[in-house]
Amino acid sequence: MKTIHVAAGRPYDIRIGGGLLRELPALLTGICGERRPRLALITDDRVNALADGARRPVPDLQAALEAAGYPVCKFVFPNGEASKTLDTVQKVYGFLSANSITRTDLILAVGGGVVGDLAGFAAATWLRGVSFVQVPTTLLAMVDSSVGGKTGVDIPEGKNLVGAFWQPSFVACDTDMLSFLPAETFADGMAEVIKYGAILDESLFSLLEAGAPGDRLREIIARCVDLKRQVVEEDERDRGLRQILNFGHTFGHAIEKESAFSVTHGQGVAIGMALMARACERVGLTPAGTADRIARCCALHGLPTRTDYPLETLCAHAMGDKKRAGDRLTLVTLERLGKATLHPVGAAELPDFMKGGAGR
Ligand SMILES: NC(=O)c1ccc[n+]([C@@H]2O[C@H](COP(=O)([O-])OP(=O)(O)OC[C@H]3O[C@@H](n4cnc5c(N)ncnc54)[C@H](O)[C@@H]3O)[C@@H](O)[C@H]2O)c1
Ligand SMILES: O=C(O)C(=O)C[C@@H](O)[C@H](O)[C@H](O)COP(=O)(O)O
Ligand SMILES: [Zn+2]
């Protein structure tokens, strides 16, 4: 278990382990005490189906919570990035209103990063803020999106452009859920794991270069959560250090958007990391050989590392990134594997920089 200390809210615990879904009613009672708030369970149809039907591989959370005395209402939306929109949030507001969810109640986000980001944003904004609990069910959500309080949705102009910092009250990562993940979705999570190694922990990166996590998976998840915890505790609001968690994301988000989300977040991040490392190598910011190591490691874990989208188009999307200030965009670069730095470039220089022209 990790405890994360944040300025905007109480410290909260992140539990990682098998069987936590079954323990959730008891864990919630640890937060709520004798109180039995209404629980608004938000999930997607694919996660919901895992607990549905006669041969359900996953416990029926709603039934278990109701048996523990919690009134539960459930909102299920279609899985996938295409649902992470204001339109879905509006539907969630309708659901919260219809079920009289008040400020003393609790939103429960059960699913991957899409569910967590969307339900977290609804929690941040409904009645100007209600508490929420993250129950991440993908590797990506366990190692990254459930931790640190970034919530939000996509709009036609770009990824995560509308959102709020809103910390959960508790995070429960039931690692048993990972056994149901399709290989591609597991690989998406590995992209963020590789990112942590690249920006903060060379020994983690080397471990990943050796192959699949195997029976070290739980240890790796805990290590990533701890790395993110340290960064978020130092810079909760993304004003400086936290921006390193965006390594690979400026171009990753651009690629996701350009593909109309047929490229997943993890795939975009993998391509974005390789692209950025190659560009930085060419201008001498990153030691030679780094980009190849990143690309090889991503490929080993089933992730792409190249894109055919024109650089100019991607640079135009990239200028919509949240790390832009005026006509400068802060890029996340690698001083070496295991150490990231921030590197502002002018808008006009960006295409050249990405080709490796800048600084030569
Ligand atoms: N807030 C943050 O800090 C943060 C960090 C990283 C990523 N993100 C966001 O997270 C999103 C990506 O998250 P994701 O990769 O989890 O995608 P996702 O939520 O779309 O989940 C991927 C797929 O896996 C399914 N799924 C979920 N759990 C499952 C399980 N246990 N077994 C089988 N299938 C399961 C989902 O239904 C979905 O079809 C993106 O929107 C990204 O922007 C946010
Ligand atoms: O928590 C963070 O900070 C991150 O940057 C983690 C990223 O993996 C994540 O994809 C995040 O949502 C991207 O943030 P954004 O501010 O660029 O939307
Ligand atoms: Zn990410």
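Preceding block: the structure.
Below is a summary of the structure that appears in this document. (Residues numbered from 1 in each chain as written. Chains lettered and ligands numbered in written order. Predicted model: local features only at pLDDT ≥ 70, side-chain atom pairs only at ≥ 80, totals over all residues. Heavy atoms only, no water.)

The final tally for this structure, using the stated rule, is 20 salt bridges. One salt bridge in this structure joins arginine 293 and glutamate 209, with 2.8 Å as the shortest N-O distance. Pair noted here: arginine 293 is in helix H12 (residues 290-300) and glutamate 209 is in helix H8 (residues 202-209), with a separation of 84 residues, a long-range link. Among the residues examined, arginine 293 registers a relative accessible area of 24% and is labelled partly exposed. Using a relative accessible area of 29% as the deciding quantity, one classes glutamate 209 as partly exposed. Ionic pairing is found between arginine 229 and aspartate 226, a salt bridge with its closest N-O pair at 2.8 Å. Residue arginine 229 and its partner aspartate 226 are both found in helix H9 (residues 217-234); the two are separated by three residues, about one turn of the helix. Accessibility expressed as a relative area gives 17% for arginine 229, which makes it buried. Taking relative accessible area as the criterion, aspartate 226 reaches 19% and is therefore assigned buried. Through salt bridges with shared partners, a single ionic network connects Glu81, Lys84, Asp117, Asp154, Lys159 and Glu256. (Salt bridge = Lys/Arg side-chain N within 4 Å of Asp/Glu carboxyl O. Helix = DSSP H or I, 4+ residues; strand = E, 2+ residues; numbered from the N terminus. Buried < 20%, exposed > 50% of the residue type's maximum accessible area, 1.4 Å probe, protein only.)

Our next topic: the sheet that holds strand E10 (residues 324-325). With respect to topology, three strands assemble into an open sheet ordered E10-E11-E12, the strand pairing being antiparallel. With one partner strand each, in any of the chains shown, E10 and strand E12 (339-346) form the two edges of the open sheet. Two elements, strand E11 (residues 328-336) and E12, share eight bridges in a ladder whose sense is antiparallel. In the sheet register, leucine 329 faces E12, and the bridge partner there is valine 345. (Pairing = 2+ DSSP bridges.)

Another aspect to go through is the environment of isoleucine 14. By the secondary structure assignment, isoleucine 14 is in strand E2 (residues 12-17). Isoleucine 14 sits in the buried class, given a relative accessible area of 0%. Separated by 154 residues in the primary sequence, isoleucine 14 and proline 168 place their C-alpha atoms 9.8 Å from one another. Setting aside chain neighbours within four positions, we find isoleucine 14 in contact with Met1, Lys2, Ile4, Val147, Val171, Cys173 and Val225. (Contact = heavy atoms within 4.5 Å.)

This part covers the pairing of strand E5 (residues 106-111). The element E5 is largely enclosed, with a buried count of six among its six residues. Because side chains alternate across E5, one face comprises the buried residues Leu106, Leu108 and Val110, and the other comprises Ile107, Ala109 and Gly111, equally buried. In terms of strand pairing, strand E3 (residues 39-44) meets E5 through five bridges, oriented parallel. Note that in E5 the partner of leucine 39 across the bridge is leucine 106. A crossover links E5 with its parallel partner strand E6 (residues 131-136), the connecting element being helix H5 (residues 113-125), and its sense is right-handed. (Right-handed = clockwise from strand over helix to strand, strands pointing away.)

By nearness alone, 26 residues border ligand 1, and Asp44, Glu81, Thr137, Thr138 and Lys159 come closest of all. The contact in question runs from an oxygen atom of ligand 1 to an N or O atom on the side chain of arginine 46, over 3.1 Å. Here an oxygen atom of ligand 1 sits 2.8 Å away from a polar atom, N or O, in the side chain of lysine 84. Taken by itself ligand 1 offers 870 Å² of open surface, and the protein chains cover 93% of this. The set of elements that each furnish at least two residues to the shell around ligand 1 consists of helix H2 (45-50), H5, helix H6 (139-145), strand E8 (158-165) and helix H7 (183-200). Tallied by class, residues from the shell around ligand 1 come to seven nonpolar, nine polar and 10 charged. When residues of the shell around ligand 1 are assigned to domains, at least three map to each of domain 1 (2-180) and domain 2 (183-354). (Near = heavy atom within 4 Å. Polar contact = N/O pair within 3.5 Å; in protein donor to acceptor, adjacent residues only side chain to side chain. Areas by Shrake-Rupley, 256 points an atom, 1.4 Å probe, with all protein chains shown as cover. Nonpolar A, V, L, I, M, F, W, Y, C, P; charged D, E, K, R; others polar. Domains from an automatic or database assignment.)

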